[in-house]
Every structure is written in structure tokens, then in C-alpha cells.
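# Structural overview
As a plain string of letters, each chain reads:
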Amino acid sequence: MRKRILCAAAMLAMLAMTGSISLGQTGVQGVTPLTVIRAGNLIDGVSETPRKNQLIFVRGERIEKVSDASAGIPKEAKIIDLANATVLPGLIDSHTHIFLWGEDPAKGGYDANILKAGIALRAARATFAVRRALEQGFVALRDLETEGAGFGDIEIKEAIEEGTIPGPRIFGATRAISSSGGYNLEGYAPELEMPRGAQLIDGPVEARKAARQQLEHGADWIKVYMTHRSWVDHQGNLVSQPTLTLEELKAIVDETHGWGKKVACHAYNGIGMQRALDGGCDSIEHGLEITDAQIAQMQRQGTWYCPTLAPYYNDWAAADTPAGKRDRARAAVHEITFRKALQAHLKIVFGTDMGGIPWTEPIAQEFGRMVKLGMSPMDAIHSATSRAAEMLEMKGEIGVIAPGAFAEVIAVSGDPLKDIGELEHVRFVMHDGSVFKNEIAK
Ligand SMILES: [Zn+2]
């Protein structure tokens, strides 16, 4: 701890010498340089319509002001010319797994992540994942469990914050919590004590203890599993196995809220979904099949909905197998639920389950799924900017291009309101006021 403080002091002194930050309060002289971004088309993350020919004034890591092109630009300012581009706030993915390296059965599926990769390899892969996210314009991730990699997300976050590796802001959930019989690895000989991708508990005392341990070790959110296996029953309905009891969940929510943190609940449908809502979950993850009454309950309780559509369209098993029937049933009910959620104006946030989807694939593919199911492109963008920022209690700080916000600025060549697929080709990324990627600005 002491060493870290010394390092931080040394870094601050170095940055002050290079003039990239101001240390006015600490008595070191220095003027933070001004950068002005010319935005030909600006989608600010909050407004319903874009604005033409705007100037974004960036000083240090924050946006100082945003104005139209008539404002004077001081001659010492550095200019980034994005006059021929669409400029947006950096994007937020509210459901990722930086420690997950795909679940392709041909590569050993989920289990290979834990059985075949040691912690150093997993950390190297997570390092790749966070860099990939930033390159694609995702400047913040809510990372919802490390899948057996302990508290590694919080350490990757530390590595990013101390400047050792590039990456987005991380809101980590550490280990996640489920019940016995409620998470992988499973299907091995009963004599074997297998490692698990989540912390398994039984009873409210163990539930509260797990939450305390995770919060103590830096969890920004607590992630719980309210359902696990799913299958299609004889009537053709999707059924999912409930995991935590209402008492267990209430203990976790009570503890977590006491720490001023929130609880994200993986829930597909049925009993587990109802317990998630009755237990006071702050966000529903996946939410494949939410009844009208449950949607009304989410409206009353202000519950966030993170649908993660994309993974349910990938890797379907053969149609005539039980797994294939399940995969098709999931996508079918998910579409109905998503449309109902839109109609009910639920607070929908963009989430992908990246990690389940290989990190080599485009994160922004989720936008196309959302728009295809009836969401307007602007609403989809808001779900990955200001609305996600509000869920993360970062309203006005990220997910918006406005005075006082962190300078998280991205750009694409075309107009994402005409073709949402543009967001799969982010050409410029500024993160905390520093240009991380530039294939477009003059
Ligand atoms: Zn997930």
C-alpha cells in the first residue's frame, strides 16, 4: 500500500513536468494544455437529436465546454479535426466477463477456461480483453464475475488505474454468488471437488458472508445467479432452475445496499425471476422471459434491464436435440420480452456477455440486435452511454459529452443513426482526455 502511494506521487510529479496535468493546489506551477475537437456531427449521449459543427474543449481529463463553431479557439490549443465524422461519448458495456475466453465446445467449452488455463494465462487474456474493449470505443465495463479467477477483475482494474496497461473503467463484481448445484463446473465424478466459476453458498448466513467477502475485496457490484440450467418442458415452455432462495437473496441485497453498492441478478424466467424481483435486485441480467406482471414490478421498483441479446443467437445446438430446442426457445421468448420491455419503457442498458462471445468479435454487434428488435438507434446509443452511466452512478461523468464530464470521446466515419453497424468501426478513441486510437482525425 505504502509503495503504491509513493509510485502515485512520483507519477504525478512526472506528469506535472510534462505539463499534462495541473498541480496548482500542490504548489507546482503548470498550465494544462487545451485540446479542441471539431465534431462535424455530435451525438452527445443525452439529447434526442444530433448537433452539427460543434467544438468540444478538453482540458486535462475533463470536458471544459461544448459550443457551436462560432466560439473562438485559443491559438495555443491543439486541434483534433473530426469535422467529417460523427462524434459520440465513449461507450459502456454493462455486462462483460474479461476473464472468460469463449465457450466454444470445440475448444473445450466453458470448462477449459478453468481447467486448462492458469491464472497468469487468464490475466494475459483479460489484459487483451480490456485493450480490445478500449480499441472498440468501450471506455467502461461492468464486468459481472471472473468465472473462477477470484478477485482478478479488481487487480486488472488496479493495473489500468495505475497506468500499467490500457483499458476502460472497470466496475467489477469479483466472484459472483450462486447455490450448490447452481454453477459450473459440473458433470464430473461426485468424488471430485471441482473448482467453481462462482462462490457457492447455502443459507442466508453463508450468503451474507459471501457478499461481505466480495465487498471487502473490492467488488463494485455483487452478481448473483437466480437461475441456472434451462430446458424446454413437455408443453414446449422454457423452464429454468431457480438457485438462491428469497431469504438468501435478501441477505445479499441487504448487505450490499448497506455498503452503498448494487446487486445484478442473472435470471432467465419463472421462479428465479420472481425471487430476483421480490428480493430487490437492482438489475436483471438476460431476462429472457419476463411476464407482464413482472415488467410492471420492474417499473415500480425501478429495476434496470440488461438483456444481452447477442449470445442467445450464437452457437445453437442442432434443432432436433434437447439443447437445440432450448436454444431456439430462449431466443424466441427473449425477442417477445425485449419488445414488451421497450413498450413499457423499462430502463434498458446495453450489455453483451463478452467473454461468452469471444473477445476477438465486435462488441457493438449487440446494437444491431437491439435495433432489429425495434429499438431506435438513438435509444440504443443512450443504453450504452448516459443510461448505463446512471445505473453505474456516474451520471454526468461518463456516457455524455458535456461540460464537467470525463473526456471520453469516440468517432465513426458514417452516421450510426442511419446505419447502427457503424459502431462496429470506431475510428477514434479519446479516453480520460488522452487519444488512444486515431485512424481518422486530422
Ligand atoms: Zn454473463
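Note that the structure is predicted; figures quoted are calculated from it, not measured.

Of the regular secondary structure elements, the protein holds 12 helices and 19 strands. For 442 residues, the compact-globule estimate of 2.2 N^0.38 gives 22 Å, and the protein sits close to it at 22 Å. Based on the C-alpha atoms only, the size of the protein along its principal axes is roughly 70 × 50 × 45 Å. For the protein, contacts bridging at least 24 residues in sequence account for 67% of all contacts bridging at least 6. Total accessible area computed for the protein in this model is approximately 19,100 Å², and 54% of it derives from carbon and sulfur atoms. Taking the average location of the 47 positive side-chain charges in the protein and that of its 55 negative ones, the two points are 3 Å from each other.

For the bond from Asn184 to Leu185, the omega torsion is 10°, close enough to zero to count as cis. Note that Leu185 resides in the loop between β8 (177-179) and β9 (199-201). At Glu393, a position not held by glycine, the phi torsion is positive, near 55°. Checked against the element boundaries, Glu393 lands in the loop between α12 (386-391) and β17 (409-412).

Once that is clear, we can look at the sheet that holds strand β6 (residues 138-143). Taken in spatial order, the 3 strands line up as β5-β6-β7 in an open sheet, and their pairing is parallel. Strands at the two margins of the open sheet, each flanked by one partner only, are β5 (91-96) and β7 (169-172). Sheet twist, expressed as the average angle between the axes of neighbouring strands with direction ignored, equals 15°. Taken together, the 4 bridges between β6 and β7 define a ladder with parallel strand orientation. Across the sheet, Leu141 pairs through a bridge with Ile170, a residue of β7.

Scanning all chains against the criterion turns up 1 disulfide. A disulfide bridge connects Cys265 with Cys281, and the sulfur atoms are separated by 1.6 Å. Every disulfide takes its handedness from the sign of the S-S torsion; for Cys265 and Cys281 that torsion is -60°, giving left-handed. Taken together, the residues span a long stretch of sequence, with Cys265 in strand β13 (residues 262-267) and Cys281 in the loop between α7 (270-278) and β14 (283-286) at a distance of 16 residues.

Protein coordination at the zinc ion comes from His95 (NE2), His97 (NE2) and Asp353 (OD), with a distance range of 2.1 to 2.2 Å. For the zinc ion, the donor residues sit on a single chain with the sequence spacing H-x1-H-x255-D. According to the relative accessible area criterion, His97 is buried, its value standing at 2%.

For the structure on display, the rule yields 22 salt bridges. Between Lys223 and Glu145 there is a salt bridge; the shortest N-O distance is 3.4 Å. With Lys223 in strand β10 (residues 221-225) and Glu145 in the loop between β6 and α4 (152-161), the pair connects residues that are 78 residues apart, well separated along the chain. The residues Lys223 and Glu145 share a single accessibility class, namely buried. With a shortest N-O distance of 3.9 Å, Lys437 and Glu439 are connected by a salt bridge. Assessed through its relative accessible area of 46%, Glu439 is described here as partly exposed. Within this structure, Arg208, Arg212, Asp254 and Glu255 form a network of salt bridges that share partners.

Turning our eyes to something else, we now look at the confidence of the model for the protein. Chain-level pLDDT for the protein is 93 on average; 93% of the residues reach the 70-or-more range. This stretch, residues 1-10, has a pLDDT under 50; its non-local contacts, to residues over four places away or in other chains, come to 1 contact. Between residues 12-28, whose pLDDT stays under 50, and residues either more than four places distant or in other chains, the model counts 16 contacts.

This part takes up the sheet that holds strand β2 (residues 51-59). The pairing of strands in a sheet comes from backbone hydrogen bonds and takes either a parallel or an antiparallel form. Here 7 strands make up an open sheet; going across it, the order is β3-β2-β1-β4-β17-β18-β19 and the pairing mixed. Pairing within the sheet leaves two strands with one partner each, and these edge strands are β3 (62-68) and β19 (434-438). The mean angle between the axes of side-by-side strands here comes to 30°, regardless of whether they run parallel or antiparallel. Of the pairings in the sheet, the one linking β17 to strand β18 (residues 428-431) comprises 3 bridges and is antiparallel in character.

A separate point is the packing of helix α5 (residues 204-216) against helix α6 (residues 246-258). Look at α5 against α6: their axes get within 8 Å of each other, and the N-to-C directions meet at 30°. By the angle between their directions, the pair α5 and α6 is classed as roughly parallel. The element α5 and its partner α6 pack so that their crossing is right-handed. Across from Pro204, Ala207, Arg208, Ala211, Arg212 and Leu215 in α5, the residues of α6 making contact are Glu247, Glu248, Ala251, Ile252, Asp254, Glu255 and Thr256. A breakdown of the residues in the contact of α5 with α6 according to their chemical character gives 6 nonpolar, 1 polar and 6 charged.

Moving on to the nonpolar core. Within the largest apolar cluster, 74 residues are counted, with the highest numbers of intra-cluster contacts made by Ile98, Val224, Ile252, Cys265, Ile348 and Phe367. Per-element tally for this core: the top contributor is helix α3 (residues 119-135), with 5 residues. Among residues more than four places away in sequence, those in contact with Val224 are Ile177, Leu244, Leu249, Ile252, Val263, Ala264, Cys265 and His266. Leu42, Ile56, Ile80 and Met430 belong to the second largest nonpolar core, which has 19 residues in total.

Moving on, we come to the environment of Asp292. Here Asp292 is to be found in helix α8 (residues 292-301). A relative accessible area of 53% places Asp292 in the exposed class. Through-space distance from the C-alpha of Asp292 to that of Lys340 is 8.1 Å; in sequence the pair is 48 residues apart. Within the structure, Asp292 has its side chain in polar contact with the side chain of Lys340 (distance 3.0 Å).

Cut-offs and rules
Residues numbered from 1 in each chain as written. Predicted model: local features only at pLDDT ≥ 70, side-chain atom pairs only at ≥ 80, totals over all residues. Heavy atoms only, no water. Helix = DSSP H or I, 4+ residues; strand = E, 2+ residues; numbered from the N terminus. Rg over C-alpha atoms; globule rule 2.2 N^0.38 Å. Contact = heavy atoms within 4.5 Å. Areas by Shrake-Rupley, 256 points an atom, 1.4 Å probe, with all protein chains shown as cover. Lys, Arg positive; Asp, Glu negative; His and termini not counted. Charge placed at Lys NZ, Arg CZ, Asp CG, Glu CD. Pairing = 2+ DSSP bridges. Axes fitted to C-alpha atoms, helices over the stretch in contact; angles between N-to-C directions. Disulfide = S-S within 2.5 Å. Donors = N, O, S within 2.8 Å, 3.2 Å for Na, K, Ca; no water. Buried < 20%, exposed > 50% of the residue type's maximum accessible area, 1.4 Å probe, protein only. Salt bridge = Lys/Arg side-chain N within 4 Å of Asp/Glu carboxyl O. pLDDT = per-residue confidence, 0-100. Parallel < 35°, antiparallel > 145°, perpendicular 65-115°, else oblique. Left-handed = near helix turned anticlockwise from the far one by under 90°. Nonpolar A, V, L, I, M, F, W, Y, C, P; charged D, E, K, R; others polar. Core = buried A, V, L, I, M, F, W, Y, C linked by side-chain atoms within 4.5 Å. Polar contact = N/O pair within 3.5 Å; in protein donor to acceptor, adjacent residues only side chain to side chain.

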